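Coordinate inspection notes
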Amino acid sequence: MQNDRIYFVFDDPGDREKMKVLLNYETKKYVQVFPDNKLRTPKQMLLFVNEFIARTNNGDAIVFWYDFMGILCYLICKLKGIKRKIIILNILLKDKPTIKNRIAKFLYRFVLKDNTVITTVTSKEYGIWVNNLLKLNREHYLLHDIYYGDEVSNTTAYNNTVFCGGRNGRDWDKVIEIANKMPSVRFNCVMPGDIWRKKEKDFPHNVVAEYDIPENEFLDILKSSKIVIMPLDTESPAGLVAIFQAGMYNKMVIASNTVTMREYITPDKGVLCTQNADDWVKNIEHSLNNDKETADKARKFNYFLNDVCSASKYAETLFNIVEENKNG
């Protein structure tokens, strides 16, 4: 008789190296599963998940790194009349007035009405927000995003420089509005190429923009900046990888006051701003002109990441969630 297995399924083979860290803890017994190429479309995810399920058995537990793949897995299992324990990490649902988002909300609500499906969120408040959005009353486990550890940096940060970069959920219109109000501050920005092509003419002279660059160049630009800002256009998890990278290099973060960011940025270890651009200008100016306070908040944020969001803490929390639910 075959023993029940625990599979940990990913959408991107590029995560393979980072996920090796989980092999140092009790999570080492999870069978990590990666596609040959990054899954970029729902169709690719559907085909991969469908093929993968055929290799599993009743009683197996499947942990999904990318939440929508877990949604698809549940739907496939329902259609095929098979049973798997499904654990979906880091729900990422947004609330947007689009057909795509309406379909997503319908599918997520259908799946998450079933309390045998286990879900995690990166913020307690975001879990409440999701329940309100979907008109559900369910428990989401809190599993903070994983922090891979500090990195020694000898790069000099230049005065009067601010960094903003990344893809998901960035409010670039807000960045443009802020930069226009602060002509003497240099804004180092890294964005997707489609955003650059759409907004190239809108960026003022004090924005130095790069797009579609390798991660090492992204990090070099971040390291050379004094502080990191993260204006967001969504309440859902966005910008966490970038603020963790800021913490890795002891950069203070100024972020939008969202239900997700409040889990990570508090007044003692960063700054949260309203949607008002003048609020951002005031806090950026204050942070650039008060080095000791800024450094102290950056240090406390770095301590929080190492203490609460470390790989060992992530592995321990994930292991406990899976053990509690794998046979349910």
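Residues numbered from 1 in each chain as written. Predicted model: local features only at pLDDT ≥ 70, side-chain atom pairs only at ≥ 80, totals over all residues. Heavy atoms only, no water.

1. Things to note about the sheet that holds strand S11 (residues 252-256)
- On the basis of which strands lie adjacent, the open sheet formed by six strands has the order S9-S8-S7-S10-S11-S12 and parallel pairing. The open sheet terminates on both sides in strands that have one partner only, identified here as strand S9 (207-211) and strand S12 (271-273). For this sheet, the mean angle separating the axes of adjacent strands, direction not counted, is 20°.
- Across four bridges, strand S10 (residues 227-230) lies against S11 in parallel orientation. Counterpart to Met 230 in the pairing with S11 is Ala 255.
- In the packing of helix H10 (residues 277-288) onto the sheet, the strands contacted are strand S7 (161-165), strand S8 (186-191), S10, S11 and S12, and the crossing angle to S11 comes to about 175°.
- Helix H11 (residues 291-308) rests against S10, S11 and S12 of the sheet, and its axis sits at about 80° to S11. (Pairing = 2+ DSSP bridges. Helix = DSSP H or I, 4+ residues; strand = E, 2+ residues; numbered from the N terminus. Axes fitted to C-alpha atoms, helices over the stretch in contact; angles between N-to-C directions. Contact = heavy atoms within 4.5 Å.)

2. So, unusual backbone geometry
- Here the phi dihedral of Asn 90 falls at roughly 60°; this positive angle occurs in a residue that is not glycine.
- Within the secondary structure, Asn 90 is located in the loop between strand S4 (85-88) and helix H4 (99-112).

3. Considering the sheet that holds strand S5 (residues 118-121)
- Pairing within the open sheet is parallel, and its six strands lie in the order S2-S1-S3-S4-S5-S6. Because the sheet does not close on itself, it has two edges, and the strands there are strand S2 (31-33) and strand S6 (141-142).
- Sheet topology places strand S1 (residues 6-9) next to strand S3 (residues 61-64); four bridges connect them, and they run parallel. Paired with Tyr 7 across the two strands is Ile 62, which belongs to S3.
- In the packing of helix H3 (residues 67-80) onto the sheet, contacts are made with S1, S3 and S4, and the angle to S4 comes to roughly 155°.

4. Topic: the packing of aromatic side chains
- Tallied over the full model, the rule gives 16 aromatic pairs.
- Ring geometry for Phe 10 and Phe 34: centres 4.6 Å apart, planes at 10°, overall stacked. Taken together, the residues span a long stretch of sequence, with Phe 10 in the loop between S1 and helix H1 (16-19) and Phe 34 in the loop between S2 and helix H2 (42-53) at a distance of 24 residues. Judged on exposure class, the residue Phe 10 and its partner Phe 34 are both buried.
- Residue Phe 10 is classed as buried on the basis of its relative accessible area, which comes to 0%.
- Taken together, Phe 8, Phe 10, Phe 34, Trp 65 and Tyr 314 form an aromatic cluster joined through their ring pairs. (Phe/Tyr/Trp six-rings, centres within 6.5 Å; stacked < 30°, edge-to-face > 60°. Buried < 20%, exposed > 50% of the residue type's maximum accessible area, 1.4 Å probe, protein only.)

5. Brief notes about the environment of Phe 8
- Tracing the sequence through the fold places Phe 8 in strand S1.
- Residue Phe 8 is classed as buried on the basis of its relative accessible area of 0%.
- C-alpha of Phe 8 to C-alpha of Lys 174: the two residues are 166 residues apart in sequence and 38 Å apart in space.
- Dropping the residues within four chain positions of it, Phe 8 is found in contact with Leu 22, Tyr 30, Val 31, Gln 32, Val 33, Val 63, Phe 64, Trp 65, Leu 89, Tyr 314 and Leu 318.

6. Thoughts on the layout of surface pockets
- A volume near 210 Å³ is recorded for the second largest pocket.
- In this structure, the second largest pocket is lined by twelve residues; those nearest its centre are Tyr 74, Lys 83, Arg 84, Asp 114 and Thr 116.
- Those elements giving two or more residues to the lining of the second largest pocket turn out to be H3 and S4.
- The greatest single-element share of the lining of the second largest pocket, amounting to three residues, is contributed by H3.
- Classifying every residue of the lining of the second largest pocket gives five nonpolar, two polar and five charged. (1 Å grid on protein atoms, 1.4 Å probe; cavity = no way out; pocket = protein on both sides within 12 Å on 5 of 7 lines; lining within 4 Å. Points joined across faces, edges and corners; volume = space filled by probe spheres on them. Nonpolar A, V, L, I, M, F, W, Y, C, P; charged D, E, K, R; others polar.)

7. Re the pairing of S11
- The buried fraction of S11 is high, at five of five residues.
- Between the parallel elements S10 and S11, the chain passes through helix H9 (residues 240-248) in a crossover that is right-handed.
- One ladder, built from three bridges, connects S11 with S12; its direction is parallel. Across the sheet, residue Ser 256 finds its bridge partner in S12, namely Cys 273. (Right-handed = clockwise from strand over helix to strand, strands pointing away.)

8. Notes on the nonpolar core
- Counting 38 residues, the largest nonpolar core has Val 9 and Ile 91 as the members making the most contacts within it.
- Listing elements by their share of this core, those giving two or more residues are S1, H2, S3, H3, S4, H4 and helix H5 (124-134).
- With sequence-adjacent residues up to four places away left out, Ile 91 is seen in contact with Asp 67, Tyr 108, Leu 112, Thr 119, Thr 120, Val 121, Tyr 126, Val 130 and Pro 237.
- With 29 residues, the next largest nonpolar core counts Phe 203, Met 252, Ala 277 and Trp 280 among its residues. (Core = buried A, V, L, I, M, F, W, Y, C linked by side-chain atoms within 4.5 Å.)

9. Looking at the pattern of salt bridges
- According to the stated counting rule, one finds 18 salt bridges in the structure shown.
- Note that Asp 12 is salt-bridged to Lys 38, the shortest N-O span being 3.8 Å. One end of the pair, Asp 12, is in the loop between S1 and H1; the other, Lys 38, is in the loop between S2 and H2, and 26 residues separate them in sequence.
- Classification of Lys 38 as partly exposed rests on a relative accessible area of 32%.
- The closest approach of N and O atoms between Lys 181 and Asp 278, which form a salt bridge, is 3.2 Å. (Salt bridge = Lys/Arg side-chain N within 4 Å of Asp/Glu carboxyl O.)

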